[in-house]
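A structural walkthrough
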Amino acid sequence: MRKPIVAGNWKMNRTSDEAETLARGVVDAVLGADGVDVVVCPPHTALERVSGAVKGSSVGLGAQNMHWEAEGAYTGEVSGAMLLTCGCEYVILGHSERRQYFGETDQTVNKRLKTALDVGLKPIVCVGETLEERKSEVTDQVVRKQVTGGLEGILANEAQTLVLAYEPVWAIGTGLTATPDQADAVHGMIRQVLVDLYDETVAQSVRIQYGGSMKPDNAADLLGQPNIDGGLIGGAALDADSFAAIVKAAI
Ligand code: PEP
């Protein structure tokens, strides 16, 4: 059985003070929600403060991105070691906003992924199709290519530890959600890609989150699907009670 994992992607929201308050709210709101891995991913500037706020609780800390190099002349970037020293356990890689606005490709996701695994961070690798791609009925090809390219050179024992997030771009921050059937079909397809790349053991071990306007009122239906192992939550993660309601729906 795969343990569900629900992560909040706070994106470029919340100052350090606000982030600490939100993190404390999440810790309180998810008390007793055992059986789910809960992660919050604040902006880099708030990582240390949030690390302090979640310390000693069941809530884990993640970052929203990292560079593949250990150090150097990469203005505006942060390294995996820097994230570790801020208390991070997880890192989101290849979010569609990074792909759309910052030129992220499967190749750069792959480089970041290799470094994240090397330094001991737990990656959450995001994939998903645009609205045009869904309308053109190429969702499976697009997502297959993202998974295959993103995981190139990753060994089976490493792949087994990964979290993938299927996030249809058209559903992120739009209020549109994939239906549970639509989402589960893509999750099942991703699992088949993992069988093709590795084997059944890896495919059955990898946790695949759904992301895209998941809210307290649609979470249970999505999380009830056999291939959906949790959620990557944007908007609803900025409210501790809404986020906790989604966490509880994953139990
Ligand atoms: C996200 O950004 O990963 C996301 C799923 O956002 P939202 O929940 O707001 O659609």
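Before any of the text, the structure's been laid out above.
In this report, the structure presented in the accompanying data block is examined. Bear in mind that the values here come from a model prediction, so they are computed numbers and not experimental data.

**Considering the pairing of strand 7 (residues 207-210)**
Judged by which residues are buried, strand 7 turns out to be covered on both faces: Arg 207 and Gln 209 on one side and Ile 208 and Tyr 210 on the other are all buried. Pairing between strand 6 (residues 163-166) and strand 7: four bridges, direction parallel. Bridge pairing in strand 7 links Leu 164 to Ile 208.

**A look at the packing of aromatic side chains**
Scanning the model with the defined rule gives two aromatic pairs in all. Between Tyr 101 and Phe 102, the aromatic rings sit 6.4 Å apart at their centres with planes inclined by 80°, giving edge-to-face as the arrangement.

**Points about the state of the cysteines**
One pass over the full model with this rule turns up zero disulfides. Its sulfur unpaired, Cys 41 is 7.8 Å from the next cysteine sulfur, which belongs to Cys 88.

**What to know about the packing of helix 11 (residues 216-223) against helix 12 (residues 240-249)**
The contact between helix 11 and helix 12 brings their axes to 9 Å, and the two run at 20°. On the basis of their axis angle, the class for helix 11 and helix 12 is roughly parallel. Along this stretch, helix 11 crosses helix 12, giving a crossing that reads as right-handed. Across from Pro 216, Ala 219, Ala 220 and Leu 223 in helix 11, the residues of helix 12 making contact are Ser 242, Ala 245, Ile 246 and Ala 249.

**Quick word on helix 1 (residues 16-29)**
In this model, helix 1 (14 residues) spans 20 Å end to end at C-alpha, consistent with the 20 Å of a helix rising 1.5 Å per residue. Buried residues belonging to helix 1 abut strand 2 (37-41), helix 2 (47-54), strand 3 (59-63) and helix 12.

**A short note on the site of the ligand**
Neighbouring the ligand are 14 residues; Lys 11, Glu 167, Gly 173, Ser 213 and Gly 235 lie closest to it. A distance of 2.6 Å is found between an oxygen atom of the ligand and a side-chain nitrogen or oxygen belonging to Glu 167. In the model, an oxygen atom of the ligand is placed 2.8 Å from a nitrogen or oxygen of the Gly 235 main chain. For the ligand, whose accessible area on its own is 290 Å², the fraction buried by protein is 97%. Of the residues belonging to the shell around the ligand, the class tally is four nonpolar, eight polar and two charged.

**What about the environment of Ala 245?**
Note that Ala 245 resides in helix 12. Counting along the chain gives 215 residues from Ala 245 to Val 30, while the straight-line C-alpha distance between them is 8.3 Å.

Rules behind the numbers
- Residues numbered from 1 in each chain as written.
- Predicted model: local features only at pLDDT ≥ 70, side-chain atom pairs only at ≥ 80, totals over all residues.
- Heavy atoms only, no water.
- Buried < 20%, exposed > 50% of the residue type's maximum accessible area, 1.4 Å probe, protein only.
- Helix = DSSP H or I, 4+ residues; strand = E, 2+ residues; numbered from the N terminus.
- Pairing = 2+ DSSP bridges.
- Phe/Tyr/Trp six-rings, centres within 6.5 Å; stacked < 30°, edge-to-face > 60°.
- Disulfide = S-S within 2.5 Å.
- Axes fitted to C-alpha atoms, helices over the stretch in contact; angles between N-to-C directions.
- Parallel < 35°, antiparallel > 145°, perpendicular 65-115°, else oblique.
- Left-handed = near helix turned anticlockwise from the far one by under 90°.
- Contact = heavy atoms within 4.5 Å.
- Expected span 1.5 Å × (residues − 1).
- Near = heavy atom within 4 Å.
- Polar contact = N/O pair within 3.5 Å; in protein donor to acceptor, adjacent residues only side chain to side chain.
- Areas by Shrake-Rupley, 256 points an atom, 1.4 Å probe, with all protein chains shown as cover.
- Nonpolar A, V, L, I, M, F, W, Y, C, P; charged D, E, K, R; others polar.

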